[in-house]
Amino acid sequence: MGASPMKQTVQMREIQDKMKPGVITRDGFLGTDSRNLIDILTEDDAEVKRLNLSHVQIAQRMRELRDAGKNGLGDFTSVPPHFEVRVDMVRGKLPCPFGHPGLIQKTNIQVKNLEKKREITFTDMHIHMIGEHGFYEGKGSPFRLEIRDLIETLEIELPEE
Amino acid sequence: MAPLAQLLIGIGAISAVTTVLAVIMVIADATIANYGDVQIKINDEKEVTVEGGKPLLGSLMEEKIFIPSACGGRGSCGMCKVKVISDVGDYLPTELPWISEEEKAQNIRLSCQLKLKKDIAIQIPEELFNVREYECEVASLVDLTYDIKQIILRLKEPAEIKFKAGQYIQFQVPEYELTSESVYRAYSMASQPSRKNEVELEIRLVPNGICTTYIFEHLKEGDTVTINGPYGDFHLRDTDARIIFIAGGSGNAPIKSILYSMMETNNTREALYFFGARAVRDLFLFDEMKELEKNLANFRYIPALSEPLPEDNWKGETGLITDVLDRHINSAENTEAYLCGSPGMIDAAVSVLTKNGIPEEKIYYDKFA
């Protein structure tokens, strides 16, 4: 049986409002997810914990691949052992919907895992929202990052049991 | 007393109390919150008188002094920073996330959050006095590539813009089906200063972008749009040094403006333009740049493709633009460089340029940041 939904604070409600389409980005960050933001965060947090990982670890791996991919100057570049990464930046920065200080560069990172024949795309905003807030976007969002998909494609090592 | 009468008396009492409270609030707002007129002294010389109580950013805008802002004053971009000389009290919680310790030491404040409760003295860059808001008509929309559009805006009011080649404007996206508030985005001007009645922009489609979705999917010729500017410090320095230009994608815009300005002023300085793209489909204005080679005294255009397709039949330079640059630099003597593109491309290009002996203080750039 799932846990009862947690009570959402006014502050969380305000953050959720900033995540709606047209406020920060065209599609927003929630997709068709009808859950409260606090429940989205709680359930994703639980999944990451079940895998004995942390959001910080996941964001760190995303950051590593992004930094290695920068050498390609916008083209795909090889990143050992078997990745190809493309980092593409456009002009401008976006604010974090959680109200975190500063602005986040508009950067798209495409990662191809050539061995597993999988591909995933994420942004600097994703790296920030995952690392700082444990947020992978709402279900149904075209930019939602499924945790398992991230871990397997980027080969984030699970700690030994 | 009958229950109904008690009920009516109770309702009447509550109504009376709320009415009195409302009147008190209106009087309080008109008196306590009434700051009267406030003077803003700017750069120790210009003084304007505004209605007190409003944010500094908006009050300056009403006086036609435009501080850069990407969020229209909602406190979500951190761009509208202003140095305040007088005492205006402690930092607000809404300012603190955007102000570094170094900025606090200089009393830099976020002008959209600072409400004018008393006279204030501020310092702003002199070039901001040249910034205006322009109402424009979309004169043309042309696809340059599959993801870059050229837009020409004809200025209506005011009808002329004065700027340096290389500067940028802020484009206002009005409320439309995707947004409930207007937003602003910065774009370099591709037109040269002599075309003072119009502004040309080269805009690249950004996935999930509010502004580029509006431009690519909704904007039509004949529409009215608002821009403000000019802004920025990216412009050709007045020297006789050889020039190296480096850009990729929509980074071409300010370089194009500078090149046309050089042509019109018969500037004979030697200039090389390294333009990076992936394949032929990403290479735009090739013919126009080759034409400039004929019209500019000492100019060479060097496009480089990093991943040309077989069907491109590309015979020009290949590889990363920084590798091509490295192959071509044969002297650092009396050379300046002007770069426009992503921070990654610029950092890599700066590295190549300094490795080849060009000092950092002679390298000017407009990072997409």
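Residues numbered from 1 in each chain as written. Chains lettered and ligands numbered in written order. Predicted model: local features only at pLDDT ≥ 70, side-chain atom pairs only at ≥ 80, totals over all residues.

### With respect to the pairing of strand 3 (residues 103–113) of chain A
Residues and elements named next belong to chain A.
Okay, step 1: Both strand 2 (residues 83–95) and strand 3 contribute to a ladder of 10 bridges, which runs antiparallel. Paired with methionine 89 across the strands is threonine 107, a residue of strand 3.
Okay, step 2: As paired strands, strand 3 and strand 4 (residues 118–123) are joined by six bridges and run antiparallel to one another. Counterpart to asparagine 108 in the pairing with strand 4 is threonine 123.
Okay, step 3: Hairpin remark: strand 3 followed by strand 4, antiparallel, with four residues in the connecting loop; positive phi at lysine 117, about 55°. (Pairing = 2+ DSSP bridges. Helix = DSSP H or I, 4+ residues; strand = E, 2+ residues; numbered from the N terminus.)

### Comments concerning the interface of chain B and chain A
Okay, step 1: Every contact between the two is made by 31 residues of chain B and, on the other side, 23 residues of chain A.
Okay, step 2: Those elements that place two or more of their residues in the side of chain B that touches chain A are strand 9 (183–188), helix 4 (210–217), helix 7 (321–328) and helix 8 (343–355) of chain B.
Okay, step 3: Considering each element in turn, the side of chain B that touches chain A owes the most residues, four residues, to helix 8 of chain B. (Contact = placed C-beta atoms within 7 Å.)

### Digging into the environment of Ser86(B)
All names here are of chain B.
Okay, step 1: Locating serine 86 in the fold gives a position in the loop between strand 3 (81–84) and helix 3 (101–105).
Okay, step 2: Remark: the alpha-carbon pair of serine 86 and threonine 224, spanning 138 residues in sequence, is separated by 40 Å.
Okay, step 3: Not counting the four nearest positions on each side in its chain, serine 86 is found in contact with Ile120 and Ala121.

### Quick look at unusual backbone geometry
Okay, step 1: The omega torsion of the bond from Pro80(A) to Pro81(A) falls at 5°, within 30 degrees of zero and hence cis.
Okay, step 2: With respect to the element layout, Pro81(A) can be found in the loop between strand 1 (77–79) and strand 2.
Okay, step 3: Unusually for a residue other than glycine, Glu155(A) sits at a positive phi of about 55°.
Okay, step 4: In this structure, Glu155(A) sits in the segment after helix 5 (147–154).
Okay, step 5: In this structure Glu155(A) comes out as partly exposed when scored by C-beta crowding, with 15 C-beta atoms within 10 Å.
Okay, step 6: Unlike most non-glycine residues, Asn334(B) shows phi in positive territory, near 45°.
Okay, step 7: Relative to the helices and strands, Asn334(B) is located in the loop between helix 7 and strand 16 (335–341). (Buried ≥ 20, exposed ≤ 12 C-beta atoms within 10 Å, placed from the backbone.)

### Concerning the domain arrangement of chain B
Okay, step 1: In terms of domain boundaries, chain B breaks down into domain 1 (37–128), domain 2 (131–231) and domain 3 (242–367).
Okay, step 2: Each of domain 1 of chain B and domain 3 of chain B has a C-alpha centre, and the two are 38 Å apart. (Domains from an automatic or database assignment.)

### As for the pairing of strand 14 (residues 299–305) of chain B
All names here are of chain B.
Okay, step 1: Buried residues dominate strand 14, accounting for six of its seven residues.
Okay, step 2: As paired strands, strand 13 (residues 271–277) and strand 14 are joined by seven bridges and run parallel to one another. Each residue of the ladder has a partner; that of leucine 272, found in strand 14, is arginine 300.
Okay, step 3: With helix 6 (residues 286–295) bridging strand 13 and the parallel strand 14, this β-α-β connection has right-handed handedness.
Okay, step 4: By the bridge criterion, two bridges tie strand 14 to strand 15 (residues 317–318) in an arrangement that is parallel. Paired with leucine 305 across the strands is threonine 318, a residue of strand 15. (Right-handed = clockwise from strand over helix to strand, strands pointing away.)

### Considering the environment of Tyr187(B)
All names here are of chain B.
Okay, step 1: Examined against the element boundaries, tyrosine 187 turns out to sit in strand 9.
Okay, step 2: On the basis of neighbour counts, which here come to 25 C-beta atoms within 10 Å, the residue tyrosine 187 falls in the buried class.
Okay, step 3: It is 69 Å that separates the C-alpha atoms of tyrosine 187 and alanine 5, two residues lying 182 residues apart in sequence.
Okay, step 4: Other than its neighbours up to four places away in sequence, tyrosine 187 contacts Tyr168, Ile169, Phe171, Leu201 and Ile203.

### Quick look at the packing of helix 3 (residues 55–69) of chain A against helix 4 (residues 124–133) of chain A
Residue and element names in this part refer to chain A.
Okay, step 1: Remark: helix 3 packs on helix 4, axes separated minimally by 7 Å, with the N-to-C direction vectors making an angle of 155°. As summarised for this structure, helix 3 and helix 4 are arranged roughly antiparallel, according to the angle between their axes. In the packing of helix 3 onto helix 4, the handedness of the crossing is left-handed. Counted together, His55, Val56, Ile58, Ala59, Met62, Arg63 and Arg66 of helix 3 and Ile127, Ile130 and Gly131 of helix 4 form the full contact between these two elements.
Okay, step 2: In terms of residue class, the contact of helix 3 with helix 4 is made up of six nonpolar, two polar and two charged. (Axes fitted to C-alpha atoms, helices over the stretch in contact; angles between N-to-C directions. Parallel < 35°, antiparallel > 145°, perpendicular 65-115°, else oblique. Left-handed = near helix turned anticlockwise from the far one by under 90°. Nonpolar A, V, L, I, M, F, W, Y, C, P; charged D, E, K, R; others polar.)

### Regarding the sheet that holds strand 7 (residues 148–157) of chain B
Residues and elements named next belong to chain B.
Okay, step 1: Ordered by their spatial adjacency, six strands build an open sheet running 9-8-11-6-7-10, and the pairing between neighbours is antiparallel. Of all the strands in the sheet, the pair left with one neighbour each is strand 9 and strand 10 (198–204). Direction aside, the axes of adjacent strands within the sheet are offset by 40° on average.
Okay, step 2: Direction of pairing for strand 6 (residues 132–143) relative to strand 11 (residues 224–231): antiparallel, over a ladder of six bridges. What sits directly across from glutamate 137, in strand 11, is threonine 224.
Okay, step 3: Those strands touched by helix 4 are strand 7, strand 8 (168–173), strand 9 and strand 10, and its axis lies near 75° from that of strand 8.

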